[in-house]
Structure formats: C-alpha cells, structure tokens
Amino acid sequence: MLKNQEQASVKFPEISPDSEFHESKWWSFDSEAYRNFLLHLMVEYDASDMYITFWEVPVLRIEQEALRTQWALKITDGILSDFENLLLHDEDIDFFKKNQAVDLGYSLHWRRYRINVSLQRWHIMIVARLLAEKVPTIDELWLPPILKKLSHTSWWIIFLSWPTWSWKSTTLAAMVEEINQTRYKHIITIEDPIEYVFEPKKCVFEQKQLWRDVTSFASAMKYAVRQRPDVILFWEIRDPDSVRYAMSLAETWHLVLTTVHSRSAEQAINRLVSMFPTDEQPQIQNHLAENMIAIIIQKLVKKAKGRGVIAVHEILLNNTPVSNTIRDNKLNQIDNVIFTNRKYWMQLLDDCLVEHIVNWDISLQTALENARSQWSIKRWLEQLWVQFS
C-alpha cells in the first residue's frame, strides 16, 4: 500500500478512480474538502506530521518514518495556493510574503495543528504537526516525576532542550497544566505560534502569539512584569536580550519556563553563555548559577515493541556543586556532577537509555543510535551483565 515502504505495517485507504481525490480528477475537486481529508487522515493514522510539497503525493510521518501515500494525487501549485489561502489569515499572508515562511496554530474538528508554510524551489511547502487532543498531563506522558515537583517551584528558570521535533512544547504544556490544576496563579505564555489552548481551571491565562499580539519575545518579556504574572512561558531563547529578561524575571520571583536548542546540559549552558561578549560572560555565568533551577534534555526514540515513541531525558538540577561548576566555568565537569548526584533525581541521557533497555522499552540498536556515547552504553550493559550473571 506504500511506495518503497514495504517494511511498514501502516495501510492507507484505497481511493477509487471515481473519487474526487484521485489523481485523474485533480482539475475539478474541492480544495477545502481535500485539506480536511488530509488533516483527518493524520488523526486516523496517528501521524505526527504531514508534508505537502510540489509534485509529490502527501507524506505522513508515522513512527518516525516518512511514508508516501500510494493513492493520492500529486500536489500542484494550484492546490498549494488554495491551501495557503485556506490556512492563513490576512496578517499571516502579509508576514509570509515578507519573510517567505510563517508558523501558525490551526484548529479543525476539535483537533489542533501546528502549521509551517515556507518556500522550496519557488514553490510553497506546507508541514502540519498534529497536537494532542487535549493538553496532556505529566502522568499521561510518562514524564519523570521531578517535572511535577519543578512545576510547583515559585521562581527560577527551567530550560527544556533538544533540537526540534522532540515534544518540547508538549512537555512544557504538561508542566503548565500541572500548575493550572493545582495552584491559583496568573500565567502568561508567549508562543510562536500558540499550540495548546489552555482551559483555565485554577489559573488565569494570557496567551500571546508572536507577531500577532507581541512584536518580539524580548519586548513581551520586558512588559510582562507589569502584568503581575506568577508564571511565564516563552517559547525559545533566541538572543542575549531573551536571556537577560528571563534572568531578570527569575530574580524578581517569577517561574520562567523556556527552551534552548542543545543536546546536553553542558551544551545548553555553553550556548547561553556564548551569546554574550567575552567580557560579559562571567556575569552571565553568575546569573545562571543563581537563577537556573533545572535543565531538562528531552529526545524521542522508537519503542521496541508496538507503535510509537518514548521520551528519554537528561536532567540537571541546580545545587551547590552545579552552581560552583557554572560560576567557575568548569563546564566540562557537568557530566561528572550529574553522575555523582543521581540519587537527587539527576541523570545523564545515556543512563536513561540503559534503563529503558533493561525495561525492554527500547532496543539496543535504538539506544546506540541515540546515545551521546556508544561506549558508555556498552560499559553500563557490561557491568549489568557481570552483576546478574
């Protein structure tokens, strides 16, 4: 049922030649109905993403594999233009014309999608990501229990890290939902775009979208303090001003949740510090040592059995050894500090992978493909073999 994907078990529906969506009918079908059909197909097959690009059939990402549909018609410029007009508001179209790319949140039939529209080889390209049906909880996502405890702190910065497509926004939403269900607080989110729409329970919410409600993350954070929030979520650390405002908010007793692109706790700190000139870096290291409570590295890996993925984590929690290491610029010792503080909920990514191997959650091959150090995985497994043999 799939082109060049014989190993996949997913079966897509057959579309008869008489269907309005068959490739021989491309000149006469309803673009809006086809858009709705494709978005519904993501829901039906639990696809995380869909790729719609010029002169290709729609492609669904299922279980981390990008699978071409066999039956669908190839996408023309006319269809792409129709989709653009159906998905984008006037202000989105203006932004797209100016920047040649735009992100937005989109709702259809009670499901929510994150849409990216961009250009490739002078043609429009659309990527849709299917979000969870409702804002998930920390327990429902099987996240480390320490994230629930961190959600109940009253100040400091929590950084969630890894490159794109690792459920960072979903995990942050789960932490915000934990606050929403248990505490009476004022929460401001600054997002690009708004993904999960929160239903106020115990908390009061203000959800601001970049370019629509605010002009930049930095300016939104600058004025947020005047709105008397308790918790501020902003999507990404992108520049020195974002770092400064995040630390300033944490210093004035606000819980700040944000993300930074990195593959380890050490790399996250290095990335934040290196945004500044050399003469400012010692001061930034001091601020981070005082105001950062945690760095969570999150990555998705394939499950060993059944469909789906599982999140693995590296966790750095601030304590005296960690703050001294940051302040003294001995970041190459971060991994050792995490290792020696494992009893305090800290863990290295490779240790988490080993735990999932032992629990039969993931395969050895998957662990080795995603490990920071394949040697450390093998060393741990050799020790376990000796221990239980």
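For the structure, check the block above.
Residues numbered from 1 in each chain as written. Predicted model: local features only at pLDDT ≥ 70, side-chain atom pairs only at ≥ 80, totals over all residues. Heavy atoms only, no water.

Colleague: It is not clear to me how the overall build of the chain should be interpreted in this structure. Could you clarify?
Modeller: In terms of helices and strands, the chain carries 14 helices and 13 strands. For 389 residues, the compact-globule estimate of 2.2 N^0.38 gives 21 Å, and the C-alpha radius of gyration of the chain, at 23 Å, lies within 12% of that figure. For the chain, the spread of C-alpha atoms along the three principal axes comes to 70 × 60 × 40 Å. In the chain, buried positions account for 52% of the 389 residues. Once local pairs closer than 6 in sequence are excluded, the contacts in the chain between residues at least 24 apart make up 58%. Within the structure as shown, the chain displays about 19400 Å² of accessible surface, and the carbon and sulfur contribution to it stands at 50%. The positive charge centre, built from 43 side chains, and the negative charge centre, built from 50, are 4 Å apart in the chain. (Helix = DSSP H or I, 4+ residues; strand = E, 2+ residues; numbered from the N terminus. Rg over C-alpha atoms; globule rule 2.2 N^0.38 Å. Buried < 20%, exposed > 50% of the residue type's maximum accessible area, 1.4 Å probe, protein only. Contact = heavy atoms within 4.5 Å. Areas by Shrake-Rupley, 256 points an atom, 1.4 Å probe, with all protein chains shown as cover. Lys, Arg positive; Asp, Glu negative; His and termini not counted. Charge placed at Lys NZ, Arg CZ, Asp CG, Glu CD.)

Colleague: Please explain the sheet that holds strand E12 (residues 292-302) as it appears in this structure.
Modeller: Hydrogen bonds between backbone groups are what pair the strands of a sheet, and the pairing can be parallel or antiparallel. One open sheet holds the seven strands; their spatial order is E9-E8-E10-E11-E7-E12-E13, and the pairing between them is mixed. Every interior strand has two partners, whereas the edge strands, strand E9 (204-209) and strand E13 (309-317), have only one. Strand after strand, the sheet turns through a mean of 15° between neighbouring axes, direction not considered. The sheet contact formed by E12 and E13 spans nine bridges and is antiparallel. By the bridge assignment, Lys 299 is partnered in E13 with Val 312. Against the sheet, helix H6 (residues 217-224) touches strand E8 (186-191) and strand E10 (231-234), its axis set at about 165° to E8. (Pairing = 2+ DSSP bridges. Axes fitted to C-alpha atoms, helices over the stretch in contact; angles between N-to-C directions.)

Colleague: How should the pattern of salt bridges be read in this particular structure?
Modeller: Any two side chains of opposite charge can pair if their charged atoms end up close together. Taken as a whole, this structure holds 17 salt bridges when the rule is applied. Note that Glu 140 is salt-bridged to Lys 134, the shortest N-O span being 3.0 Å. The partly exposed category is assigned to Glu 140, whose relative accessible area is 45%. Residue Lys 201 is joined to Glu 177 by a salt bridge in which the shortest nitrogen-to-oxygen separation is 2.8 Å. Of this pair, Lys 201 sits in the loop between E8 and E9 while Glu 177 sits in helix H5 (residues 168-182), placing them 24 residues apart in sequence. The buried category is assigned to Glu 177, whose relative accessible area is 2%. Through salt bridges that share partners, Glu 91, Asp 92 and Arg 212 make up one connected network. (Salt bridge = Lys/Arg side-chain N within 4 Å of Asp/Glu carboxyl O.)

Colleague: What should I look at first to understand the packing of helix H9 (residues 281-291) against helix H10 (residues 320-327) in this one?
Modeller: The description of two packed helices rests on the angle between their axes and on the distance between the axes. As a packed pair, H9 and H10 sit with axes 8 Å apart at the nearest point and diverge in direction by 170°. In terms of orientation, H9 lies roughly antiparallel with respect to H10. Listed contacts from H10 to Gln 285, Asn 286, Leu 288, Ala 289 and Glu 290 of H9 are Ser 323, Ile 326 and Arg 327. The class makeup of the residues in the contact of H9 with H10 is three nonpolar, three polar and two charged. (Parallel < 35°, antiparallel > 145°, perpendicular 65-115°, else oblique. Nonpolar A, V, L, I, M, F, W, Y, C, P; charged D, E, K, R; others polar.)

Colleague: How should I be thinking about empty space enclosed by the protein in this particular structure?
Modeller: The gaps left among the atoms become clear once a water-sized probe is rolled over them. What the rule picks out here adds up to two cavities of 30 Å³ or more. Taken together, Ser 169, Leu 172, Ala 173, Glu 191, Asp 192, Pro 193, Glu 195, Tyr 196, Phe 198, Leu 233 and Trp 235 make up the lining of the largest cavity. Considering each element in turn, the lining of the largest cavity owes the most residues, three residues, to H5. Here the residues of the lining of the largest cavity sort into seven nonpolar, one polar and three charged. The volume enclosed by the second largest cavity comes to roughly 70 Å³. Around the second largest cavity, the lining residues are Arg 35, Leu 38, Leu 39, Met 50, Ile 52, Phe 83, Leu 87, Ile 115, Ile 126 and Ala 128. Mapped onto the lining of the second largest cavity, the elements with two or more residues apiece are helix H1 (31-44), strand E1 (49-52), helix H2 (77-87) and strand E6 (123-130). Per-element tally for the lining of the second largest cavity: the top contributor is H1, with three residues. In the lining of the second largest cavity, the residues fall into nine nonpolar, no polar and one charged. (1 Å grid on protein atoms, 1.4 Å probe; cavity = no way out; pocket = protein on both sides within 12 Å on 5 of 7 lines; lining within 4 Å. Points joined across faces, edges and corners; volume = space filled by probe spheres on them.)

Colleague: Please explain the layout of surface pockets as it appears in this structure.
Modeller: Taken as a whole, the largest pocket spans an internal volume of roughly 1100 Å³. Ser 48, Arg 129, Leu 130, Trp 167 and Leu 300 are, among the 45 residues lining the largest pocket, the residues nearest its centre. Counting only elements with at least two residues in the lining of the largest pocket, the list comes to H1, E1, strand E2 (59-62), strand E5 (111-120), E6, H5 and E12. Split by residue class, the lining of the largest pocket holds 19 nonpolar, nine polar and 17 charged. Empty space within the second largest pocket amounts to approximately 620 Å³. As for the second largest pocket, its lining consists of 26 residues, of which Trp 142, Ala 311, Cys 352, Glu 355 and His 356 are closest to the centre. Counting residues per element, the ones that place at least two in the lining of the second largest pocket are E13 and helix H12 (349-358). For the lining of the second largest pocket, the element with the most residues is H12, which contributes six residues.

Colleague: Before we go on, may I ask you to explain the pairing of E12 in this structure?
Modeller: Along a regular strand, successive side chains alternate from one face of the sheet to the other. Most of E12 sits inside the fold, with 10 of its 11 residues counted as buried. Two strands pair when backbone bridges link them, and strand E7 (residues 156-161) and E12 are joined in this way by five bridges, in the parallel orientation. When the bridges of E12 are listed, Leu 160 appears paired with Ile 296.

Interpretation in functional terms is not warranted from these geometric data alone.
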